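These are the residues of each chain, in order.
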Amino acid sequence: MTSTGIGVEAGAQAARTRALAVLRVRGRALAVALLPAAATVILLTGGSTGHFVGRGWDTARWTVGVFAVVVLLAAAGVALVVARVRPAVSPTVPIPEESAPDLYRMVRDLADRLDVPVPSAIALTPDCDSWLEDRTHPAHGPPAPRSGDELGSPGPHRRVPAAPVLVIGSPFLWWMRVGELRAVLAPVVAGTGPSAQPDIAAARRFVRGLDATVAVSSTAGRGPAGRLVCAGLGWVARMLLRGCREHAALMERGVAAAAAERAQAVDYGLRIVAQEQVGLAYAGWDRLLTRVALPAWRMGRWPSRLDAGVVSALTELSRRDRLAEGFASRLGERPACDLLEEPGLVDEAASLLAARLFHGGPAEPGPDWSPVAWQEYPDEVVDRTWRTEAARLHRVLDSLGVRATLDPAAPDPGGPTLARVLDHLTEPAGRCGPEEPPTRAGDVEGAEGIESAEGVGEASDAVDVRDVEGLVDADEAAGTECSATLAAGLTAALAREEAAAVTAGPDAPTGQGPDSALWDDCALPLFPLQPPRTARELLADHVTAMVCCAAVDTAGATPGLDWLDGPSLLVDGERAADLTPRVLSLIEEGDPAPLRAWLAESGIRPEKPVRLV
């Protein structure tokens, strides 16, 4: 036997040993549940043979017998829940064989070379990872009508696949070449061999059942009796999980070691190179989601070609970074997405699922949740985001009583201007409070013009700074008094808008995606990309948006999309990369000189009104 074969056997044997240890925990729990019943049998047998006679023994028989019945009923209930509860399933986009015959053919060939069972199906996940997922539970067949309980009730037409499902990260299909994808999937597919071992499969089912039982016992909204039952159920499940946690972890390590040893015989050299692409794809995917997709999601738009965007982002990285040189040359080879019949539709489904998981958007497109193509991104997302934030900034200034900067030479005196923001943020300490409302006719008309341009006419939009005094963190106190007050007002205004959006949530589409009937979508987003922006970050974003609006309307600049940094301002065709430190100097130190110098150099006129959403 070769060294690889010895390693495979050693890993599989270690995994099976740990699986038996997990099953022994289950056996001990069963023995404990049967112990009162065994004592009852002994007492009854002793009474029938004349050994245990008398009033005391009769009382003991009744007491132990009743206790045994209660314990058996409780044990049966726990066992029923553990066996029938629906285990958690990763959100995925299923890929039927007819939509990707070449991909299924490659996986079958890989399984034949590894001499392991073929995965029962293939699914994609919007993440840079791949794994095998067991969906042999009856509840993972065709989805039943959705109900409020987590317990799955298998119907008469459930399909039980014989092997786990192969879940592939969707960015891999677009960035990797066919050979690289095969090399990366080799150790994953090799895991179907140990998964088919009966003891390992039984141990996994037991652990997943316990984990799902704990989740069910934590479900809120039950009555007093239900909470009492769930508390006992959760206590038993957690105790059993603690008893088999270490054995289960070591079992999975043994399975992974056996799969890795088996996969060494297939494309081992290419897999070393492909692992570099895994790390690169992860970096590009994370950058694309946080810098490019997140601004669009906040605007109610979701990019429909995220996976294709990974290729553009990583190609841009290879152009900028000499360490990444050579990666773009791989693009001449056949991409793995060619294994799909309709890669565009698959990319769209994965992009919608990514928006749902990472941002909490609706499951289906709608009027307030529509797709956006990359060529439309600058106008539909970047420009609209800037103008929306600039409008919010001026609404807060109106609420604070900040007068508009009046310029008789301007085409719209009193309109929303960048000069108004600059003047307010450079006010000395003690003069940042509300000013007297405008009394001249021109002032009133200017204020009304701002209000109509921004679509604000209700008193409920006013920001009372007294309600947001606690929103400014200690580290943000380093900014000026005016910037801290304005930042607090923006935080309150944005919080109110988000609360209104949540209130209107039930009217949004609530349909189920491809696999969403199999996972709990009650607490979206499941994986938030970033923590909420601080008050200082909000102010910096809004002031930057106002500067960009002024640049577009007065200097002919254009909104753009940077694949690595997200929305960008293009002045004379060049990206304005030095804008952020100048804005920070304004809001943190109250020094407008760097920003004013940049505005003059770029030909931007801050006194001219801008167009708002």
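On a predicted model such as this, the values are computed, not experimentally measured, just so you know.

What about the overall build of the protein?
In terms of regular secondary structure, the protein is built from 18 helices and nine strands. Within the protein, buried positions represent 45% of all 613 residues. A fraction of 81% describes how many contacts in the protein between residues 6 or more apart in sequence connect residues 24 or more apart. In the structure as shown, the protein presents an accessible area of about 29500 Å², 57% of it carried by carbon and sulfur atoms.

Let's talk about the pattern of salt bridges
Applying the stated rule across the entire model yields 25 salt bridges. Note that Arg287 is salt-bridged to Asp565, the shortest N-O span being 2.7 Å. Of the two residues, Arg287 sits in helix H9 (residues 268-298) while Asp565 sits in the loop between strand S7 (558-562) and strand S8 (566-571), which places them 278 residues apart along the sequence. We note a salt bridge from Glu348 to Arg305, for which the minimum N-O separation is 3.9 Å. Taken together, the positions of Glu348 in helix H11 (residues 343-358) and Arg305 in the loop between strand S5 (301-303) and helix H10 (306-320) put the pair 43 residues apart, joining distant regions of the chain. On the basis of relative accessible area, Arg305 is assigned to the partly exposed category, the value being 30%. When salt bridges that share partners are traced, they join Arg287, Arg291, Asp562, Asp565 and Arg575 into one network.

Topic: the pairing of S8
As judged from the five bridges shared by S7 and S8, these two strands associate in the antiparallel manner. Its bridge partner lying in S8, Asp562 is registered against Gly566. Counted along the chain from S7 to the antiparallel partner S8, the turn is three residues long. Note that S8 and strand S9 (residues 574-575) share two bridges and pair antiparallel. Note on S9: the bridge partner recorded for Val571 is Glu574. A loop of two residues connects S8 with S9, the two strands running antiparallel in sequence, and Asp572 in this loop sits at a positive phi of about 55 degrees.

Re the environment of Arg305
Sequence separation between Arg305 and Ser351 is 46 residues; the distance between their C-alpha atoms is 6.4 Å. Among all residues touching Arg305, those that are not within four sequence positions of it are Gly344, Asp347, Glu348, Ser351 and Trp374.

Notes on helix H7 (residues 198-217)
Between its terminal C-alpha atoms H7 stretches 28 Å, which fits the 28 Å expected from 20 residues at 1.5 Å a residue. Buried residues dominate H7, accounting for 14 of its 20 residues. The opening residue of H7 is Gln197, an N-cap whose side-chain oxygen sits 2.8 Å from the backbone nitrogen of Asp199.

A look at the sheet that holds S8
In space, the three strands of this open sheet follow the order S7-S8-S9, with antiparallel pairing throughout. With partners counted over all chains shown, the strands left at the sheet margins are S7 and S9, one partner each.

Digging into a nonpolar patch on the surface
Side chains of Leu30, Leu34 and Leu72 sit close together on the surface and give an oily, nonpolar patch of about 260 Å² of accessible area. Here Leu30 is to be found in helix H1 (residues 3-48).

A closer look at the confidence of the model for the protein
Of the residues in the protein, 79% have a pLDDT of 70 or more, and the chain-wide mean is 81. Within the model, pLDDT remains below 50 along residues 436-478, and this stretch shows 57 contacts once partners closer than five positions in the same chain are excluded. Segment residues 506-519: pLDDT under 50, and 36 contacts once partners within four positions in sequence are set aside and those in other chains are kept.

With respect to the pairing of strand S2 (residues 121-125)
In terms of residue burial, S2 counts as a mostly covered element, since four of its five residues are buried. As judged from the three bridges shared by strand S1 (residues 93-95) and S2, these two strands associate in the antiparallel manner. The residue of S2 that forms the bridge with Val93 is Leu124. Here five bridges tie S2 to strand S4 (residues 165-169), and the two strands are oriented parallel to one another. Bridge assignment links Ala121 to a residue of S4, and that residue is Val165.

A short note on the sheet that holds S1
Adjacent strands of a sheet form backbone hydrogen bonds with each other and so pair up, either parallel or antiparallel. A sheet is described by the order of its strands in space; here four strands give the open sequence S1-S2-S4-S3, paired in mixed fashion. Single-partner strands in this sheet number two, and they are S1 and strand S3 (131-133). In this sheet, adjacent strand axes meet at a mean angle of 35 degrees when their direction is disregarded. Docked against the sheet, helix H3 (residues 101-114) engages S1, S2 and S4, running at close to 115 degrees with respect to S2. Docked against the sheet, helix H5 (residues 178-189) engages S3 and S4, running at close to 140 degrees with respect to S4.

Digging into helix H2 (residues 55-84)
Between its first and last C-alpha atoms H2 spans 43 Å; for 30 residues at 1.5 Å apiece the expected length is 44 Å, and the two agree. Every buried residue of H2 is accounted for by Arg61, Gly65, Ala68, Val71, Val78, Val81 and Val82.

Regarding the packing of H9 against H10
At a minimum axis distance of 9 Å, the contact between H9 and H10 shows a crossing angle of 115 degrees. Handedness of the crossing formed by H9 with H10: right-handed. Where H9 approaches H10, its residues Leu280, Ala281, Gly284, Trp285, Leu288, Leu289, Ala293 and Trp297 are matched on the opposing element by Leu306, Asp307, Gly309, Val310, Leu314 and Leu317. In the contact of H9 with H10, the residues fall into eleven nonpolar, two polar and one charged.

As for the packing of aromatic side chains
Considering all chains together, one arrives at two aromatic pairs under this definition. Between the aromatic rings of Trp374 and Tyr377, the centroid separation amounts to 5.9 Å while the plane-to-plane angle is 45 degrees, which identifies the pairing as tilted. Tyr377 matches Trp374 in its accessibility class, with the two residues each being buried. Residues Trp374 and Trp563 carry aromatic rings whose centres are separated by 4.9 Å and whose planes lie at 70 degrees to one another, so their mutual orientation is edge-to-face. With Trp374 in the loop between strand S6 (370-372) and helix H12 (377-399) and Trp563 in the loop between S7 and S8, this residue pair connects regions lying 189 residues apart in the sequence. Its relative accessible area of 13% is what places Trp374 among the buried residues. For Trp563, a relative accessible area of 19% corresponds to the buried category.

Cut-off values and rules
Residues numbered from 1 in each chain as written. Predicted model: local features only at pLDDT ≥ 70, side-chain atom pairs only at ≥ 80, totals over all residues. Heavy atoms only, no water. Helix = DSSP H or I, 4+ residues; strand = E, 2+ residues; numbered from the N terminus. Buried < 20%, exposed > 50% of the residue type's maximum accessible area, 1.4 Å probe, protein only. Contact = heavy atoms within 4.5 Å. Areas by Shrake-Rupley, 256 points an atom, 1.4 Å probe, with all protein chains shown as cover. Salt bridge = Lys/Arg side-chain N within 4 Å of Asp/Glu carboxyl O. Pairing = 2+ DSSP bridges. Expected span 1.5 Å × (residues − 1). Polar contact = N/O pair within 3.5 Å; in protein donor to acceptor, adjacent residues only side chain to side chain. Patch = residues over 30% accessible without salt bridge, like charges linked within 9 Å, V, L, I, M, F, W, Y side chains within 5 Å. pLDDT = per-residue confidence, 0-100. Axes fitted to C-alpha atoms, helices over the stretch in contact; angles between N-to-C directions. Left-handed = near helix turned anticlockwise from the far one by under 90°. Nonpolar A, V, L, I, M, F, W, Y, C, P; charged D, E, K, R; others polar. Phe/Tyr/Trp six-rings, centres within 6.5 Å; stacked < 30°, edge-to-face > 60°.

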